[in-house]
Amino acid sequence: DAEEYQPPIWKSYLYQLQQEAPRPKRIICPREVENRPKYYGREFHGIISREQADEILAGVEGAYILRESQRQPGCYTLALRFGNQTLNYRLFYDGKHFVGEKRFESIHDLVTDGLITLYIETKASEYISKMTTNPIYEHIGYATLLREKVSRRLSRTKNESRKASVTSEENTQVEKITSLVRRAALTQNDNHFNYEKAHNFKVHTFRGPHWCEYCANFMWGLIAQGVRCSDCGLNVHKQCSKYVPNDCQPDLKRIKRVYCCDLTTLVKAHNTQRPMVVDSCIREIEARGLKSEGLYRVSGFTEHIEDVKMAFDRDGDKADISASIYPDINIIAGALKLYFRDLPIPVITYDTYSKFIEAAKISNPDERLEAIHEVLMLLPAAHYETLRYLMIHLKKVTLHEKENFMNAENLGIVFGPTLMRPPEDSTLATLNDMRYQKLIVQILIENEDVLF
């Protein structure tokens, strides 16, 4: 448990190399240069040749100047002394300075980062190429045993009532556990719906020394040293991110909203089988709206639907959508449809869209049903479960067709474009596929007991 947790031994070799890297030395031009760009300082030497730059920098490791190209006036070059030779880089400015992907506020920072990278890649290229081969992420003493220990502790916490003082003390200790161990614990939690989810890595600038949670090596550089998962907080090298399993356990503190959030991310963050929006709205509709005429076809007031959306974003599963607050059931139905429309990846994913459309074009009903079933198996688990639950609900809606006038075909017209969208944003493709979208949803409703 938290008290027994021993942090891994972080590998400091690359950190030591960064400390040894040459420091930047700005060589100031002794004369005033005309037409110097306003975003460059006195390290700018005007139009000079490579040979002249080499003479200015000779013998001073880490020294640098800026110059304008003789061959291409208006183009600028960073001349940098490293490894007893002068290196020349085409320099760009768009509000920030850059020679590659990274963008810097100052030339000094750009050169500092460049010298660190050059030094480490020169001294440790073989080490870096092998650093992903023995990751701590999969180490038995780090991931597996701690996963078991922390999951036991989580279940004990759930089943026993504890005094506030004790709980407060333990919560403080739990905070000391790294994000990696937290995810490992959640993976084995009895109540956790273990849907596979890829990490949502984005380039990140770390303030102060940081180590990779995959390989345990230092994340070198001045800025953009690695990537961070915006859903769970995992910090790794960019190259290590390719090897991290699809085991992201989103942290609720990082999920800012319910609508417009990736479906799998939302259910894993809330530890539910399906998005709580779907459960809450369907529960409310089945309690008081199955016989409502034109259910899902009749629109509720847009501003009230937006109110429901904000309530879910603000309060999550505690959002009050009862009849006392929203007497018109069409508002709840509209909020459910809006949730599906706002998904960044539709319930029927972009990857499977064309396969569903092709299946819908099959003329033989039995073959068509079999083809649809095969494509359903390709959906991510959380998407499949959400679609299954929705189809069971819509089947119930059709059982009250005499009162609500909504059969499977009508519901297919409503939900086809809501549940599936073509990967490319093409109006023509959408219009051409509309009848197949309707047909897919109609078949899913009519055959939900066979297909799911």
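Residues numbered from 1 in each chain as written. Predicted model: local features only at pLDDT ≥ 70, side-chain atom pairs only at ≥ 80, totals over all residues. Heavy atoms only, no water.

> Would you take a moment to explain the nonpolar core for this structure?
Side chains that are nonpolar tend, in soluble globular proteins, to be buried together. Membership of the largest hydrophobic core comes to 67 residues, with the highest contact counts inside it found for Tyr-296, Phe-340 and Phe-415. If one sorts the elements of this core by residue count, helix 11 (residues 329-342) sits on top with 9 residues. Counting 43 residues, the second-largest nonpolar core is a separate cluster that includes Val-111, Cys-215, Cys-232 and Cys-240. (Core = buried A, V, L, I, M, F, W, Y, C linked by side-chain atoms within 4.5 Å. Buried < 20%, exposed > 50% of the residue type's maximum accessible area, 1.4 Å probe, protein only. Helix = DSSP H or I, 4+ residues; strand = E, 2+ residues; numbered from the N terminus.)

> Before we go on, may I ask you to explain the state of the cysteines in this structure?
Two cysteines joined by a covalent bond between their sulfur atoms form a disulfide. Across all of its chains, the model carries 0 disulfides by this definition. Free cysteine: Cys-229, not disulfide-bonded; nearest cysteine sulfur from Cys-232 at 3.6 Å. Here Cys-229 falls in the buried class, since its relative accessible area comes to 0%. (Disulfide = S-S within 2.5 Å.)

> Can you walk me through helix 12 (residues 350-360) in this structure?
Each α-helix turn comprises 3.6 residues. Residues three or four places apart therefore point the same way. Where helix 12 is concerned, the buried positions are Thr-352, Tyr-353, Phe-356, Ile-357, Ala-359 and Ala-360. An end-on view of helix 12 places all buried positions within 155 degrees of arc, on one side of the element. Buried residues belonging to helix 12 abut helix 13 (365-376) and helix 17 (427-446). (Arc of directions from axis to C-beta. Contact = heavy atoms within 4.5 Å.)

> Looking at this structure, how should I read the side chain of Gln-18?
You can see Gln-18 is positioned in helix 1 (residues 13-20). Since its relative accessible area comes to 13%, Gln-18 is described here as buried. Looking at Gln-18, its side chain comes within polar contact range of the main-chain nitrogen of Gly-221, at 2.8 Å. If we skip the residues at most four places from it in the chain, Gln-18 touches Arg-23, Ile-116, Ile-120, Phe-218, Trp-220 and Gly-221. (Polar contact = N/O pair within 3.5 Å; in protein donor to acceptor, adjacent residues only side chain to side chain.)

> I would appreciate a short explanation of the packing of helix 11 against helix 16 (residues 408-419) in the present structure.
Relative orientation and spacing of two packed helices are given, respectively, by the angle between their axes and the distance between those axes. Relative to each other, helix 11 and helix 16 sit at 35 degrees, their axes nearing to 8 Å. Along the contact surface, helix 11 presents Lys-337, Phe-340 and Arg-341, while helix 16 presents Val-414, Phe-415, Thr-418 and Leu-419. For the contact of helix 11 with helix 16, the class distribution of residues is 4 nonpolar, 1 polar and 2 charged. (Axes fitted to C-alpha atoms, helices over the stretch in contact; angles between N-to-C directions. Nonpolar A, V, L, I, M, F, W, Y, C, P; charged D, E, K, R; others polar.)

> Looking at this structure, I do not really get unusual backbone geometry. What am I missing?
Note: most residues except glycine have negative phi, and most peptide bonds are trans. Positive phi outside glycine occurs at Ala-224, with the angle close to 45 degrees. You can see Ala-224 is positioned in the loop between strand 7 (201-204) and strand 8 (226-229). Its identity is not glycine, yet Cys-260 carries a phi of approximately 65 degrees, on the positive side. Within the secondary structure layout, Cys-260 lies in the loop between strand 9 (235-236) and helix 8 (263-270).

> Help me understand the packing of aromatic side chains in this model?
Geometry of an aromatic ring pair is reported as the spacing of the ring centres plus the angle between the planes. One pass over the full model with this rule turns up 16 aromatic pairs. Relative to Tyr-127, the ring of Tyr-13 lies with its centre 4.9 Å away and its plane at 70 degrees, an arrangement referred to as edge-to-face. Taken together, the positions of Tyr-13 in helix 1 and Tyr-127 in helix 4 (residues 125-130) put the pair 114 residues apart, joining distant regions of the chain. Classification of Tyr-13 as partly exposed rests on a relative accessible area of 33%. Classification of Tyr-127 by relative accessible area gives partly exposed; the value is 30%. Joined through ring pairs, the aromatic side chains of Tyr-39, Tyr-40, Phe-44, Tyr-76 and Tyr-93 make up one cluster. (Phe/Tyr/Trp six-rings, centres within 6.5 Å; stacked < 30°, edge-to-face > 60°.)

> Explanation requested: the pairing of strand 8 in the structure shown.
If a strand is regular, its side chains alternate between the two faces of the sheet. Examined bridge by bridge, strand 7 and strand 8 share 4 bridges and lie antiparallel to one another. Bridge assignment links Phe-201 to a residue of strand 8, and that residue is Cys-229. As paired elements, strand 8 and strand 9 share 2 bridges and run antiparallel to each other. Opposite Arg-228, over in strand 9, you have Asn-235 as the bridge partner. Where strand 8 folds back onto strand 9 in an antiparallel hairpin, the turn is made up of 5 residues, including Gly-233, whose phi is positive at roughly 90 degrees. (Pairing = 2+ DSSP bridges.)

> Explanation requested: the confidence of the model for the protein chain in the structure shown.
Do not read the fine detail of predicted coordinates wherever pLDDT is low. Per-chain confidence: the protein chain averages 86 in pLDDT, with 86% of residues scoring 70 or above. Taken as a whole, residues 140-179 scores under 50 in pLDDT and shows 48 contacts with residues more than four places along the chain or in a different chain. A low-confidence stretch, residues 181-192 stays under pLDDT 50, and its non-local contacts, those more than four residues away or across chains, total 34 contacts. (pLDDT = per-residue confidence, 0-100.)

> Got a minute to help me understand the environment of Cys-260 in this structure?
Cys-260 gets classed as partly exposed once you look at its relative accessible area, which sits at 28%. Put simply, Cys-260 and Arg-341 are 81 residues apart on the chain and 8.6 Å apart in space, counted from C-alpha to C-alpha. Not counting the four nearest positions on each side in its chain, Cys-260 is found in contact with Lys-309, Asp-342 and Pro-344.

> It is not clear to me how helix 10 (residues 302-315) should be interpreted in this structure. Could you clarify?
The end-to-end C-alpha distance of helix 10 is 20 Å, a good match for the 20 Å that 14 residues give at a rise of 1.5 Å each. When we look at burial in helix 10, the residues that qualify are Ile-305, Val-308, Lys-309, Ala-311 and Phe-312. Angular distribution of buried residues about the axis of helix 10 spans 155 degrees; they occupy a single face of the element. Gly-316 sits one or two positions beyond helix 10 and adopts a positive phi of about 60 degrees. (Expected span 1.5 Å × (residues − 1).)

> I'm lost on the sheet that holds strand 9 in this one. Help?
The strands making up a sheet associate through hydrogen bonds between their backbones, and the pairing can be parallel or antiparallel. Taken in spatial order, the 3 strands of this open sheet run 7-8-9, and their pairing is antiparallel. Among the strands making up the open sheet, the edge pair consists of strand 7 and strand 9.

> It is not clear to me how the packing of helix 14 (residues 381-398) against helix 17 should be interpreted in this structure. Could you clarify?
Two elements in contact, helix 14 and helix 17, have axes whose closest approach is 8 Å; the angle formed by their N-to-C orientations is 80 degrees. With respect to each other, helix 14 and helix 17 are oriented roughly perpendicular. Judged by residue contacts, Leu-387, Met-391, Leu-394, Lys-395 and Thr-398 of helix 14 engage Val-441, Leu-444, Ile-445 and Glu-446 from helix 17. By residue class, the composition of the contact of helix 14 with helix 17 is 6 nonpolar, 1 polar and 2 charged. (Parallel < 35°, antiparallel > 145°, perpendicular 65-115°, else oblique.)

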